[in-house]
Amino acid sequence: MRRLAIGGRIDRSQPMEFTFDGRAMTGFRGDTLASALLANGVRLVGRSFKYHRPRGILSAGPEEPNALVTLGTGGRREPNLTATTVELADGLVAESQNRWPSLKFDAQGINGLFAPFLSAGFYYKTFMGPTRRAWMFYEHFIRKAAGFGRAGEEPDPDRYDVRHLFADVAIVGSGPAGLSAALAAGEAGARVVLIEQDFALGGTLLSDPQDSESAAWLSGMLARLAGMPNVSLMTRTTAFGAYDGNVLGLVERHGSGTADPKEGQARQMLLLLRAKSIVYASGALERPLTFANNDRPGIMLASAARIYLNRFAVLTGTRVVVATDNDSAYRAAFDLATAGAEVTIADSRAEPIHDLREQARRRGVAVRTNSLIANALGRRAVRAVSLSEPGGAATVRCDLVAVSGGWSPTVHLTSHFGVKPVYREDIQTFVPGKLGAGRFVAGAVMGGLTTAGAIEQGHRAGVDASAFCGAAKAVQQPVRLELTEIDAGPDDSPLGTSLRPAPLAQLVRGGYGSPAILPELHRPRRSGETSHAKRTRGGDEEGAKLAAGKAFVDIQMDVTTQDIALAHREGYESVEHLKRYTTLGMGTDQGKTSNFYALSAMAGLRGMAVPEVGTTTFRPPYTPVAIGALAGRSIGHHYKPIRRTPMHDWHVANGAQMLEGGLWMRPWFYRTSGRDVNEAYVAEMRMVRETAGLMDISTLGKIDVQGPDAAEFLDRVYANGFARLPVGRARYGIMLRDDGIVFDDGTTTRLGERHFFMTTSTAKAADVMSRLEFLLDTAWPDLRVSVTSVTYEWAAMSVAGPNSRDILAAAFPDLDVSNEALPHMGLLEEQYRDMHLRIIRLSFSGERAYEIYVGASLGNEVWCRLMEAGAPFGLKPYGVEALGALRVEKGHIAGPEIDGRTTLDDLGLSRMVGKRSGYVGEVLERREAFSDPARPRLVGLRCFEPGKQLHAGAILFRPNESLQGHGLGRITSVTYSPALDAWVALGLLAREAAVEGAEIVAASPIIGQAVRARVVSPIFLDPKGERLRG
Amino acid sequence: MHGYSAFSILRNGLTGQRHWRRAWRSPDPKSAYDVVIVGGGGHGLATAFYLAENHGVRNVAVLEKGYIGGGNVGRNTTIVRSNYRLDGNTQFYEFSMKLWEGLSRALNFNVMFSQRGFLLIANSPGELDTFGYRANVMKLNGIDAELLDREEVRRMVPYLNFSEKALYPVHGALLQGRAGTARHDAVAWGYARAADAYGVDIIQGCEVTGFVRQGERIVGVETTRGRIGAGKVGLAVAGHTSVLAQKAGLELPIESHILQAFVTEPIKPLVHHVVAYGADHFYVSQSDKGGLVFGGGLDGYNSYAQRGNLGVVREVAEASIAMMPCISRLRILRHWGGVMDMTPDGSPIICPTPIDGLYLNGGWCYGGFKATPASGWCFAHMLAKGEVHPLTAAYRLDRFRTGRTIDEAGAGPFTWLQ
Amino acid sequence: MLRIECPCCGPRDHDEFRYGGDASVTRPAYDDPDFEAWYRYVFVRENPAGLHREYWQHVVGCRQWLVVERDTRSHTIASIRFARETRA
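This one's a predicted model, so the numbers in the text were calculated from it and none came from an experiment. (Residues numbered from 1 in each chain as written. Chains lettered and ligands numbered in written order. Predicted model: local features only at pLDDT ≥ 70, side-chain atom pairs only at ≥ 80, totals over all residues. Heavy atoms only, no water.)

*Asks:* Is there a simple way to explain the overall build of chain A in this structure?
*Replies:* Per the secondary structure count, chain A includes 24 helices and 50 strands. For chain A, the C-alpha atoms occupy an extent of roughly 115 × 75 × 55 Å along the three principal directions. Across the 1030 residues in chain A, those meeting the buried criterion constitute 65%. (Helix = DSSP H or I, 4+ residues; strand = E, 2+ residues; numbered from the N terminus. Buried < 20%, exposed > 50% of the residue type's maximum accessible area, 1.4 Å probe, protein only.)

In structure tokens, the structure reads:
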């Protein structure tokens, strides 16, 4: 294995240093990690999942099952990358995975010895005893053994971004079909985005020699496309998923040439491409062959061997056996021979379909027909293969086995919309099913095609897709390409993209994939045989059938032909059962190289045709996508778009501990009030009760309601009446859901005959607004009402406490804020100098209080003015913790009581409604369970055990009742009341037990406590409301 | 039943795995059964097993339109817990938990129930209060629960985001130590195999196309494999309950919604527990194979498509990094959607229907997997005895009419907000 | 992403919208005291596997409530109208 001195698409003037398992190596710009490893003579790159068998590089693309590596260190550690898709970069640090202590000597290789017992699903059948929890003991070891690479445990230092793209035509794949589609669509005038996962454009054309005609065609096409401003060509970009509305999820990797992105550059970019039409030109993936020990390093897809040779100038073997059941591998054989390798073709067919023998002879390539590989010899690298042929067995020495089991179209993306692929009997493969309008396919994804055919189809798809989007300028004929690098056969079918495998009948007779050669299935093992026997059996066909060693179907998950047969024997016959029972296709490669074989093997075992067996569902993503890329910038502080009030900076500067609520940042408490929240909230409560406090209430939802029918509208949406609310007055209102459960509460003030100002709770603001609009748009379009959210337009603050009026008067000396001018529930709307003030006298705390609304841009100014004017009166700010405690003392309900399960009656509010009707939720509020005597209702609870405290979430019981079950209710909100010097709480308690004066036990077993309390009125303080009036 | 044991593994290992038998037969349907269960998912198969095991009712068929375990039992996030607070839910899910604890041995099939603990992270003081309530209910109902403070959480799951600047800081957590995960497919297969051993006919590829009536009573089903008579018909087709119920002329308060789930590439052990984020819809565990399995909220519109959209994918990715910053470089390997029967209160419906002979088990929202054993147990009781099992007394269909709803989230009556 | 062509704002991703559920149910008149009618309106749903009439509100756009006809199996949208128009 060596790098050739000339050729390839690597830049020998740009060497790149990298390490693999600590070993320093050099590659070139244009290499993948896989090609660079091969160029450095590395064959063994990993260990398998279950048996820890040595593994090499199978493919040259994203279908790679074996060559998984971990890149980077620290927070940049990234496991399970396929070396075949990692663009080589200077300073790249790679290490192998799933081995200990080293790749060469892996202690868990011993698993191979136990392989006979580790068949598919063995764990379902054991590890069940001796005790019930025994599984957890075994599981510990199984978990340690499982997994591939190790994840980093530090935060990722790199940055990700998201972009939104729009296109008329999105084209997936840049092979001959994709490029041809792009040219046609571009000429038609469509906005085209062409997506290529590789860092180079060209698809299969890249595997042709640099001096070939196809290379010339490619560079010609790229030059033309580069000159089209309406065509954008995206490399290093994977279309990982297709979603409704023709939205393609793309991930673009940075291509800075270094392992890590440059400063400020995104490592990966999530692109959401909204396309009017999609052309799938995603090509096809070559299938490997199934034979004993087909997983040995040095066994490679024929197409990959050719790519490494022609694109990366790496000759991956000097003595090569090309094993195939179709024509396509001949190209690899011929190119390898041309490069100097000694090549033998083992063709499973009786005769190649084309006149290939002659071409082979001219190149010195030996062709053996009716020849199947029975076994591969060698452990860490293949040394020889034993072939099963009609004349007997033969052993051929080799250092590379290039295999081809036909091709599977890359239908994944076409299936993401739920369109199942369909089976094409003539070429024995699945192709995309009938796609919806605006979705087109071209090239190898539709099955066996020539390059010329792919170009023709791509052209047509490009024209059709642009026409679908209304872009229909005249388009030139496609640029044709007649491949001449191998003489075409008499039927004029070039070989390059022939996907035709041997007929299925032949496979069943004894070719690859037939159950007949599944090793050791139909016969018990003879004593003395080992699974790794290095022998060649006698020259009969039986010998080939009995080739010793595991034949892998899913190389990554270590699923063998035996596992498939076992699944069948046990009745796991549906493809989904097969997959789930054996774990086939569940690896990082999602079974790209294994699914087809597994399906056809199961079909064979069941005696059914492949389409009757069906396929598993292709799920996004096509290749794994970094979670960081999906999250983009929405991480850390940008996780959610939080909202700040106009006074936010003041709070932070003045010691507020902020707390998120409903995506608002609100002051929880002020550190100036106390060391911690418990100390601070009590101090803040005292202050409000004794002097005055200022609270930022800008977060309340605010809705402007206007129109001739505004009063009627509010009368319907609130359970209590609003029609007769006088202008200039406010009223507390409560809304129900349609099902009669309390929805939200707030206040609404009548600014004018046809104009109201509604406030909602912070948490429900958006829901209430939307619900009002819903009712107007869908239920009552006849009501002439307009609702507008003005939450952000108004800053709001509440000054509460005995001194609040004096403070208001001091802050706004020209305003008449006397009790006569501004009584409880009164409104004062005035232009005060350059400010429009809306002052509503409302109290949540039970103290005399005023809500002051002002334009958001003036919020901070008014806040500071109040703080300044209030200083002599002892005014200080208070936070939501104190607010919550004050309202508990006053018996006001809030979120913990309006929990989506309580009714008006539960909350003691039915009197507010009286005998009204015609409001939202009225009818279903009459449901029978809502008057059940066991149904809890709002009560006050006062702790009378000295030194003990009540806790939120405590469960309520009668004294002497056994503490179990769900009790009679629970404590919803709790606070220490400085005014009463007692712990008080609001709770929901069964009506039959909610008798004032009754004793109750509040049990909090989670903290080992049960506290006695007395049922009291929920209004602990000033029941007549004297403090807030006057 | 052909027993599974270490010995049988050993014996087969030495004899080329030739002695394993089919886990369940593939019988042709008989002309009639005592009980026909529509739906070969976890609940249907469990029901069949308990009908045979607990009640001796063995003339039973389970009809599955596709392959068994192909619905939500095979596409969930495998979490098993019993940390419910409302009367009716608490006891039912704890009973289920107890059945889980003995399930592998009861079925002679390792369902890999692993009690690695379920941590529900509180992201605000208020949330911690509500978790305290939940924990109290659990304790008072004999269920293990612990309330952890921030430092205790940090010791258990140091990889979470403990930054002071986190938008949703960790304030504490509710831990249920006995909760964990199970191997979802194994649950379907284990019940199927054990039911089959009792003579239950599991008939795959058999879609119910209609119901056979005699007067007002349902006496059988029409299927793609012919008419099958039934003494009683039990529906256990959550996700598609409405579709089947419509064929029977039954109106339901159920809508179908998509819930997506995600798995990353397999990695070496990182997440031991099941960890759920209180502030947002996000929960994660690590499978025995090594993939991190996580889920989020509903896509939020009626759907039967078994696939979701990119919006929720992104939301879940964002939440995962917010909670676990080290997850950013791991890659999502696969994401898929399951179709959920969503009810207006988020709780299931297990009850006789107004139609004689027809019994309903559905409306599982996204709590169906953990409920599988208890659901099967109680539904079997109902089918065998014709009376409601006390543990499912609350899961009545008429509760929406009476107001006795069981709304843990308080989000009703909108199914997609549950 | 569902792409919903808002009659006011043009085609937008569905996450710009708030879902409002089944639009085929009829809300009783605000003062209709018929319990059965309200029960059916709030709880009973046809939940078709097929074409579904449903409400969506363009919350980050024009805030109009729309009636969308969409297939719940394929997610294909057949029609979109303003909810007010469907009432007219």
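From this point, the discussion proceeds with the structure in view.
*Asks:* Would you mind going over the pairing of strand β6 (residues 68–71) of chain A with me for this structure?
*Replies:* Note on strand geometry: in a regular strand, side chains alternate between the two faces of the sheet. All names here are of chain A. Burial along β6 is two-sided: the residues Leu68 and Thr70 and Val69 and Leu71 are all buried. Judged from the three bridges that link them, β6 and strand β7 (residues 78–82) form a sheet pairing that is antiparallel. Residue pairing across strands places Val69 opposite Leu81, the latter belonging to β7. Taking the residues that link successive antiparallel strands as the turn, the β6-β7 hairpin has six residues, and the phi of Gly72 there is positive, at about 75°. With three bridges joining them, β6 and strand β8 (residues 92–96) adopt antiparallel strand pairing. (Pairing = 2+ DSSP bridges.)

*Asks:* Looking at this model, I keep getting lost on the packing of helix α7 (residues 184–197) of chain B against helix α10 (residues 368–385) of chain B. Mind explaining?
*Replies:* When two helices pack together, you describe them by how their axes are tilted relative to each other and by the distance separating the axes. Residue and element names in this part refer to chain B. One way to put it is that α7 packs onto α10 with a least axis distance of 11 Å and a crossing angle of 20°. What the angle tells us is that α7 and α10 run roughly parallel. With respect to the hand of their crossing, α7 and α10 are arranged in left-handed fashion. On α10, the residues touching His184, Val187 and Tyr191 of α7 are Phe369, Thr372 and Pro373. (Axes fitted to C-alpha atoms, helices over the stretch in contact; angles between N-to-C directions. Parallel < 35°, antiparallel > 145°, perpendicular 65-115°, else oblique. Left-handed = near helix turned anticlockwise from the far one by under 90°. Contact = heavy atoms within 4.5 Å.)

*Asks:* I keep staring at the domain arrangement of chain A and nothing clicks. Help me out?
*Replies:* Interface size is commonly expressed as the accessible surface area that is lost when the partners come together. Split by domain assignment, chain A resolves into domain 1 (12–153), domain 2 (160–285 + 410–468), domain 3 (286–406 + 498–613), domain 4 (664–699 + 792–892), domain 5 (700–790 + 905–924) and domain 6 (931–1030). Averaged C-alpha coordinates put domain 2 of chain A and domain 4 of chain A at centres separated by 62 Å. (Domains from an automatic or database assignment.)

*Asks:* Please clarify how the sheet that holds strand β15 (residues 292–302) of chain B should be interpreted in this entry.
*Replies:* Across a sheet, paired strands are connected by hydrogen bonds in the backbone, their directions being either parallel or antiparallel. Pairing in this open sheet of nine strands is mixed, and the strands run β31(A)-β16(B)-β12(B)-β15(B)-β14(B)-β13(B)-β4(B)-β6(B)-β5(B) from one edge to the other. Of all strands in the sheet, those with a lone pairing partner are β31 (625–626) of chain A together with β5 (146–149) of chain B, marking the two edges. Bridge count for strand β14 (residues 282–286) of chain B against β15 of chain B is four bridges, and the pairing is antiparallel. Bridge pairing links Tyr283 of chain B to Gly295 of chain B in β15 of chain B.

*Asks:* Quick question: what am I supposed to make of a positive patch on the surface here?
*Replies:* A cluster of like positive charges, contributed by Arg23, Lys104, Arg379 and Arg380 of chain A, occupies part of the molecular surface. Note that Arg379 of chain A resides in the loop between β21 (372–377) and β22 (384–389). (Patch = residues over 30% accessible without salt bridge, like charges linked within 9 Å, V, L, I, M, F, W, Y side chains within 5 Å. Areas by Shrake-Rupley, 256 points an atom, 1.4 Å probe, with all protein chains shown as cover. Salt bridge = Lys/Arg side-chain N within 4 Å of Asp/Glu carboxyl O. Lys, Arg positive; Asp, Glu negative; His and termini not counted. Charge placed at Lys NZ, Arg CZ, Asp CG, Glu CD.)

*Asks:* I'm lost on the interface of chain A and chain B in this one. Help?
*Replies:* Chain A puts 120 residues into the contact, and the matching count from chain B is 118 residues. Buried area between chain A and chain B, both sides added, is near 10,200 Å², and the carbon and sulfur share of it is 57%. At the junction of chain A with chain B, the criterion picks out ten salt bridges. A salt bridge links Glu573 of chain A to Arg22 of chain B, with the shortest nitrogen-to-oxygen separation between them at 3.0 Å. (Buried area = accessible area lost by both parts, 1.4 Å probe.)

*Asks:* In this structure, what is going on with the packing of helix α5 (residues 302–310) of chain A against helix α6 (residues 329–338) of chain A? I would like to understand it.
*Replies:* All names here are of chain A. Here α5 crosses α6 at 35°, and the two axes come no closer than 8 Å. Where α5 crosses over α6, the two elements pack in a sense that is left-handed. Between α5 and α6, the residues in contact are Ala302, Ala305, Arg306, Leu309 and Asn310 and Ala329, Arg331, Ala332, Asp335 and Leu336, respectively. Here the contact of α5 with α6 is composed, by residue class, of six nonpolar, one polar and three charged. (Nonpolar A, V, L, I, M, F, W, Y, C, P; charged D, E, K, R; others polar.)

*Asks:* It is not clear to me how the packing of aromatic side chains should be interpreted in this structure. Could you clarify?
*Replies:* The description of an aromatic ring pair rests on the distance of the ring centres and on the angle between the ring planes. Residue and element names in this part refer to chain A. In this structure the tally under the stated criterion is 62 aromatic pairs over all chains. On the basis of an interplanar angle of 70° and a centroid distance of 5.1 Å, the ring pair of Tyr123 and Tyr124 is categorised as edge-to-face. Geometrically, the ring pair formed by Phe137 and Tyr138 is edge-to-face, given 5.5 Å between the ring centres and 75° between the ring planes. Among the residues examined, Phe137 registers a relative accessible area of 54% and is labelled exposed. (Phe/Tyr/Trp six-rings, centres within 6.5 Å; stacked < 30°, edge-to-face > 60°.)

*Asks:* Is there a simple way to think about the pattern of salt bridges in this case?
*Replies:* For side chains of opposite charge, pairing can occur when their charged atoms come near one another. Evaluated as defined, the whole model comprises 89 salt bridges over all chains. The salt bridge partner of Glu36 of chain C is Arg401 of chain B, with a shortest N-O separation of 2.6 Å. On the criterion of chain membership, the pair formed by Glu36 of chain C in helix α1 (residues 35–43) and Arg401 of chain B in helix α11 (residues 399–402) is interchain, its members lying in two chains. Taken together, the shared-partner salt bridges connect Arg76, Asp156, Asp158 and Asp260 of chain A together with Arg329 of chain B into one network.

*Asks:* Help me understand the UniProt feature "domain: Rhodanese" (unreviewed entry) in chain B in this model?
*Replies:* Annotation from UniProt places "domain: Rhodanese" (unreviewed entry) at residues 35–79 of chain B. What you have in residues 35–79 of chain B is 31% helix and 20% strand, and the ends, taken at the C-alpha atoms, are 30 Å apart. (UniProt positions renumbered as here; feature names shortened; annotations may be inferred.)

*Asks:* Explanation requested: helix α2 (residues 42–55) of chain B in the structure shown.
*Replies:* Residues three or four positions apart in an α-helix share a direction because the helix packs 3.6 residues into each turn. Residue and element names in this part refer to chain B. Between its first and last C-alpha, α2 extends 19 Å over 14 residues, near the 20 Å set by a 1.5 Å rise per residue. Taking burial as the measure, the 14 residues of α2 include eleven buried ones, the bulk of the element. Within the sequence span of α2, burial applies to Gly42, His43, Gly44, Leu45, Ala46, Thr47, Ala48, Phe49, Tyr50, Leu51 and Ala52. (Expected span 1.5 Å × (residues − 1).)

*Asks:* What is the right way to look at the sheet that holds β22 of chain A in this model?
*Replies:* All names here are of chain A. As summarised here, the arrangement of the three strands in space is β21-β22-β23, forming an open sheet in which the pairing is antiparallel. Two strands lie at the open edges of the sheet, namely β21 and β23 (392–397), each paired on one side alone. Strand after strand, the sheet turns through a mean of 25° between neighbouring axes, direction not considered. Pairing of β22 with β23, which is carried by six bridges, proceeds in the antiparallel orientation. Each bridged residue has a counterpart across the sheet, and for Leu387 the counterpart in β23 is Ala394.

*Asks:* I keep staring at empty space enclosed by the protein and nothing clicks. Help me out?
*Replies:* The gaps left among the atoms become clear once a water-sized probe is rolled over them. Residue and element names in this part refer to chain A. Going through the model one piece at a time under the given rule, you end up with twelve cavities of 30 Å³ or more. There is about 260 Å³ of room inside the largest cavity. In this structure, the largest cavity is lined by 21 residues; those nearest its centre are Ser408, Asn595, Phe596, Leu599 and Phe618. Among the elements of the structure, β25 (407–409), β27 (429–431), α13 (575–582) and α14 (595–606) are those that each provide at least two residues to the lining of the largest cavity. Split by residue class, the lining of the largest cavity holds twelve nonpolar, seven polar and two charged. Lining the lining of the largest cavity are residues from two domains, each supplying at least three of them: domain 2 (160–285 + 410–468) and domain 3 (286–406 + 498–613). Here the second largest cavity defines a volume of roughly 190 Å³. (1 Å grid on protein atoms, 1.4 Å probe; cavity = no way out; pocket = protein on both sides within 12 Å on 5 of 7 lines; lining within 4 Å. Points joined across faces, edges and corners; volume = space filled by probe spheres on them.)

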